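# Overview (structure and organization)
The primary structure of each chain is shown beneath.
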Amino acid sequence: QVQLVESGGGSVQSGGSLKLSCAATGYSYVKWCMGWFRQAPGKGREGVAAFDADGRTKYADSVQDRFTISQDNAKNTLYLQMNGLKPEDTAMYYCAAAPRRGELPSTPVEGFGSCAYAKWGRGTQVTVSS
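Predicted model, so just to flag it, every value in this text is computed and none were measured. Sequence order as written defines the numbering, with residues in each chain counted from 1. The model is predicted, so local features are restricted to residues of pLDDT at least 70 and side-chain atom pairs to those at 80 or more, both for listing and for counting; the totals for chains, interfaces and linings are taken over all residues. By convention in this description, side-chain values take in all heavy atoms of the structure and omit both hydrogens and water.

### Section: the nonpolar core
A general trend in soluble globular proteins is that nonpolar side chains are found buried together. Here, nonpolar core means buried Ala, Val, Leu, Ile, Met, Phe, Trp, Tyr and Cys residues that are tied together by side-chain atoms lying within 4.5 Å of each other. Accessible area is worked out with a 1.4 Å probe on protein chains only. A residue is then buried under 20% of its type maximum, exposed over 50%, and partly exposed in between. In terms of nonpolar packing, the biggest core is built from 28 residues, with Leu80, Met82 and Tyr93 touching the most fellow members. Helix and strand definitions here come from DSSP, where helices need a minimum of 4 consecutive H or I residues and strands a minimum of 2 consecutive E residues; each element is numbered from the N-terminal end. Looking at this core, the elements that each hand over two or more residues are strand E3 (18-25), strand E4 (34-39), strand E5 (46-51), strand E7 (67-72), strand E8 (77-82), strand E9 (91-97) and strand E13 (124-129). Contacts of Met82, omitting those with residues within four sequence positions, involve Gly16, Ser17, Leu18, Leu20, Arg66, Phe67, Tyr93 and Val126. Residues Cys33, Ala96, Tyr117 and Trp120 belong to the second largest nonpolar core, which totals 10 residues. Residues count as neighbours in contact if any of their non-hydrogen atoms are within 4.5 Å of one another.

Here is the structure:
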């Protein structure tokens, strides 16, 4: 089964930058329906950025023009470059994928763009101080 392991979170000042990484193991990496969600305390899990089912990038309005999703297929790794961070970006960030053939979904199931995401990493914390 696929496993997703995030890294790169931390604490930064407002306006700073972080780059998150997600290492995917257990299956051959494919670009589509791979992305990032976040969840702040007391709030629901929110789609942030993804490679959608058609391979195109999709971003939440709140991060458009500040965050950039990318991937390195040779390394089976997904990235999220976050620039111009704001305190409202503070959240646990989760790498996410749609289940692939032969895999069972995990809860929660969250939609973003054209994909239903049901495979999750454990999360990496991002804290932005003003």
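Picking up after the structure, the text goes on.
### What to know about the layout of surface pockets
Think of a 1 Å grid over the protein atoms and nothing else: a 1.4 Å probe that fits but is trapped marks a cavity, an open set flanked by protein within 12 Å on at least five of seven lines marks a pocket, and residues with an atom within 4 Å of a point count as lining. Grid points are joined across faces, edges and corners, and a volume is the space filled by probe spheres set on the points. Size it by volume and the largest pocket reaches roughly 180 Å³. Taken together, Val2, Gln3, Leu4, Val5, Glu6, Ser106, Thr107, Lys119, Trp120, Gly121 and Arg122 form the lining of the largest pocket. Those elements giving two or more residues to the lining of the largest pocket turn out to be strand E1 (3-7) and strand E12 (119-120). The element best represented in the lining of the largest pocket is E1, accounting for four residues. Residue type decides the class: Asp, Glu, Lys and Arg count as charged, Ala, Val, Leu, Ile, Met, Phe, Trp, Tyr, Cys and Pro as nonpolar, and the leftover types, Gly among them, as polar. Split into classes, the residues belonging to the lining of the largest pocket amount to four nonpolar, four polar and three charged.

### Brief notes about unusual backbone geometry
Geometrically, the link from Thr107 to Pro108 is a cis peptide bond, its omega value of -5° lying close to zero. Inspection of the secondary structure puts Pro108 in the loop between E9 and strand E10 (110-112). Unusually for a residue other than glycine, Cys33 sits at a positive phi of about 55°. Within the secondary structure layout, Cys33 lies in the loop between E3 and E4.

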